[in-house]
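Survey of secondary and tertiary structure
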Amino acid sequence: MSWQDRLRGFIELTSPSGVTFRPKWAGDSVSIEKRVNRQQLYNIDKELADDLGVNSRNYPLTLYFDGPENDVEARDFENALCDPGYRGPWTVIHPVEGLLRLQPLSSARETQPVTSGNITVVSTEWMEPLEDQAGLSSEDAASKIAAAAEAVNAAAAADMAKADTSLLSSVKAIGNKVKQAMREVSKQIKAVNSRINQIQNTINDIANSVQMNVAELSGAVIQLVESPGLIIGNIQSRIQSFTRMGRQIMGGLSAAGEMTAARINSVLTGELFLNAVTAGMALSIIEELPQTRPEALSVLSQYRQFSRETRDALDALAKASAGNRFDKQYFPRRESAEAIATLDAAVTRYLISILFDLRVERTIVLDRPRAPLEIAITEYGASSGNADERYEYFLRTNNLHGNDILLLEAGREVKIYA
């Protein structure tokens, strides 16, 4: 593997509050300084050197924010550095060094609108602290997700309570949207138990009722989407199932047409399901630890992407109704917006807090034909007691089947997790 193979195509900086920035980066120097106590002795040439170890590595990072919002993004980054509520090291995915925990020291933002209006350059200084100072254990961070999800559920129910049930057409709109969303939820259910059946029946009864009980509907939807065992599989497959479910529900939220009372009710119902899906996805993240750092980062990326897509979809509906009379406008997540933001930050902090306890992914290119069993024994240091286990793990993590489980040709790339 050459340096080109190890080089990442981006730099990513995540603050202690969970806000992530991905500016451009071209290169900087990394410095390290020895701590040496130099002692001069009378009438003796040279000096005594008392080596006291090394200081922390210093990382100057010159960051380039570009595009139409470059000035805003640069200021947001600067504000995140100064946020008094979230102090301590940042998580940095460095293009050359990989995953780092760095303490910011200083920042200087260049403002050159005439000569460089499309790029804002921020010169920063960082140091590598002695130990992880994130402030939360992974257990504490997981409990923060559970508490934030509970707050989302309460706020989502409060938003749904604003639905107008005074007209039959409005009640029918809620029922129709519930049925449409339930079809998308059902597609992702892989195992059904008596509890899930009972909740589904309750939701269907409410959806078909003329006397719509919105509070009961909200509670039942939240219970269903967050039911243990609703979606099975490993953490990656569960996240993907929640994402598919949410995207299908979003697809049924058209921005076209007048925002009548019935249509606003339909949108509020879709919003209820999307909030429940977001909370359910977050809770599924703490059910099982990711196996590797790349898997944890992938889960984080998928969660953040879904959260952005949901926000954009609801904002598009609000924008489409902005020119209507006040009573025919849709206001997304009036009660739940802050709770969702808190949940997003909690998920980010949790996944970052566990990164350093997870295995590191290493890609090797075979320089000769090698048997997977030999690779597992050699690369994982397997003994007679765990050779079979390591062999099966190597096959599973590299998705090897057929003749590949016996011999791999030279030039084949495989991944090792250690």
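Residues numbered from 1 in each chain as written. Predicted model: local features only at pLDDT ≥ 70, side-chain atom pairs only at ≥ 80, totals over all residues. Heavy atoms only, no water.

1. Topic: unusual backbone geometry
One non-glycine residue, Arg 333, lies in the positive phi region at around 45°. Relative to the elements of secondary structure, Arg 333 occurs in the loop between helix 9 (293-320) and helix 10 (337-354). Notably, Asn 399 is not glycine yet its phi reads approximately 55°, a positive angle. Take Asn 399: its relative accessible area is 56%, and that puts it in the exposed class. (Helix = DSSP H or I, 4+ residues; strand = E, 2+ residues; numbered from the N terminus. Buried < 20%, exposed > 50% of the residue type's maximum accessible area, 1.4 Å probe, protein only.)

2. Regarding a nonpolar patch on the surface
On the surface, Ile 405, Leu 406 and Leu 407 cluster together into a nonpolar patch covering about 260 Å² of accessible area. Structurally, the position occupied by Leu 407 is in the loop between helix 12 (387-397) and strand 11 (413-417). (Patch = residues over 30% accessible without salt bridge, like charges linked within 9 Å, V, L, I, M, F, W, Y side chains within 5 Å. Areas by Shrake-Rupley, 256 points an atom, 1.4 Å probe, with all protein chains shown as cover. Salt bridge = Lys/Arg side-chain N within 4 Å of Asp/Glu carboxyl O.)

3. Notes on the packing of helix 4 (residues 168-188) against helix 7 (residues 235-251)
When two helices pack together, their arrangement is given by the angle between the helix axes and the distance between those axes. Two elements in contact, helix 4 and helix 7, have axes whose closest approach is 9 Å; the angle formed by their N-to-C orientations is 155°. Compared by their axis directions, helix 4 and helix 7 come out roughly antiparallel. For the pair helix 4 and helix 7, the crossing hand works out as right-handed. Residues Lys 177, Gln 180, Ala 181, Glu 184, Val 185 and Gln 188 of helix 4 form the contact with helix 7, whose own contacting residues are Ser 241, Arg 244, Met 245, Gln 248 and Ile 249. For the contact of helix 4 with helix 7, the class distribution of residues is four nonpolar, four polar and three charged. (Axes fitted to C-alpha atoms, helices over the stretch in contact; angles between N-to-C directions. Parallel < 35°, antiparallel > 145°, perpendicular 65-115°, else oblique. Left-handed = near helix turned anticlockwise from the far one by under 90°. Contact = heavy atoms within 4.5 Å. Nonpolar A, V, L, I, M, F, W, Y, C, P; charged D, E, K, R; others polar.)

4. What about the nonpolar core?
Nonpolar side chains tend to gather and get buried jointly when the protein is soluble and globular. In terms of nonpolar packing, the biggest core is built from 73 residues, with Ile 203, Leu 217, Ile 285 and Leu 343 touching the most fellow members. Within the residue set of this core, elements represented by two or more residues are helix 3 (138-160), helix 4, helix 5 (194-207), helix 6 (214-225), helix 7, helix 8 (261-285), helix 9 and helix 10. At twelve residues, the largest contribution of residues to this core is made by helix 8. Not counting residues up to four positions away in its chain, the partners in contact with Leu 217 are Met 160, Ile 174, Val 178, Ile 203, Ile 206 and Met 212. In terms of nonpolar packing, the next biggest core, distinct from the first, is built from 17 residues, Tyr 59, Leu 61, Trp 90 and Val 92 among them. (Core = buried A, V, L, I, M, F, W, Y, C linked by side-chain atoms within 4.5 Å.)

5. Comments concerning the sheet that holds strand 1 (residues 12-14)
The seven strands lie next to each other as 2-1-7-8-9-6-3, forming an open sheet whose pairing is antiparallel. Each having just a single partner strand, strand 2 (20-21) and strand 3 (24-25) make up the two edges of the open sheet. This element, helix 2 (residues 70-82), spans strand 1, strand 2, strand 6 (58-66), strand 7 (90-94), strand 8 (98-109) and strand 9 (119-127) of the sheet and lies at about 20° to strand 9. (Pairing = 2+ DSSP bridges.)

6. Examining a negative patch on the surface
A cluster of acidic residues, Glu 69, Asp 71, Glu 73 and Asp 76, forms a negative patch at the surface. You can see Asp 71 is positioned in helix 2. (Lys, Arg positive; Asp, Glu negative; His and termini not counted. Charge placed at Lys NZ, Arg CZ, Asp CG, Glu CD.)

7. A short note on the packing of aromatic side chains
Summed over the entire model, instances satisfying the criterion amount to six aromatic pairs. A ring pair is formed by Phe 21 and Phe 77, whose centres lie 5.4 Å apart and whose planes are at 85°; its orientation type is edge-to-face. In this pair, Phe 21 is assigned in strand 2 and Phe 77 in helix 2, connecting sequence segments 56 residues apart. Phe 21 sits in the buried class, given a relative accessible area of 9%. Ring centres of Phe 21 and Trp 90 lie 6.3 Å apart, and the angle between their planes is 25°; on these two criteria the pair is classed as stacked. You can see Phe 21 sitting in strand 2 and its partner Trp 90 sitting in strand 7, a full 69 residues away along the chain. The residue whose ring lies beneath Arg 22 is Phe 10, and the NZ or CZ to ring-centre distance is 4.0 Å. (Phe/Tyr/Trp six-rings, centres within 6.5 Å; stacked < 30°, edge-to-face > 60°. Lys NZ or Arg CZ within 6 Å of the ring centre and 35° of its normal.)

8. A few points about the packing of helix 7 against helix 8
Running from N to C, helix 7 and helix 8 cross one another at 175°; their axes reach a closest spacing of 10 Å. Taken as axis vectors, helix 7 and helix 8 run roughly antiparallel relative to one another. For the pair helix 7 and helix 8, the contacting residues are Ile 235, Arg 238, Ile 239, Phe 242, Thr 243, Met 245, Gly 246, Ile 249 and Met 250 in the first and Gly 270, Phe 273, Leu 274, Val 277, Gly 280, Met 281, Ser 284 and Ile 285 in the second. Considering only residue class, the contact of helix 7 with helix 8 consists of eleven nonpolar, five polar and one charged.

9. Topic: helix 12
Residues of helix 12 that are buried: Ala 387, Tyr 391, Tyr 393, Phe 394 and Leu 395. Packing partners of the buried residues in helix 12 comprise helix 11 (372-380) and strand 11. Phi turns positive, to about 55°, at Asn 399, one or two residues after helix 12.

10. Describing helix 6
For helix 6, spanning twelve residues, the distance from its first C-alpha to its last is 17 Å, which sits close to the expected 16 Å at 1.5 Å a residue. Taken residue by residue, helix 6 has Val 214, Leu 217, Ser 218, Ala 220, Val 221, Ile 222, Leu 224 and Val 225 as its buried positions. A side-chain oxygen of the first residue of helix 6 lies 3.3 Å from the backbone nitrogen of Ala 215; this N-cap is Asn 213. (Expected span 1.5 Å × (residues − 1). Polar contact = N/O pair within 3.5 Å; in protein donor to acceptor, adjacent residues only side chain to side chain.)

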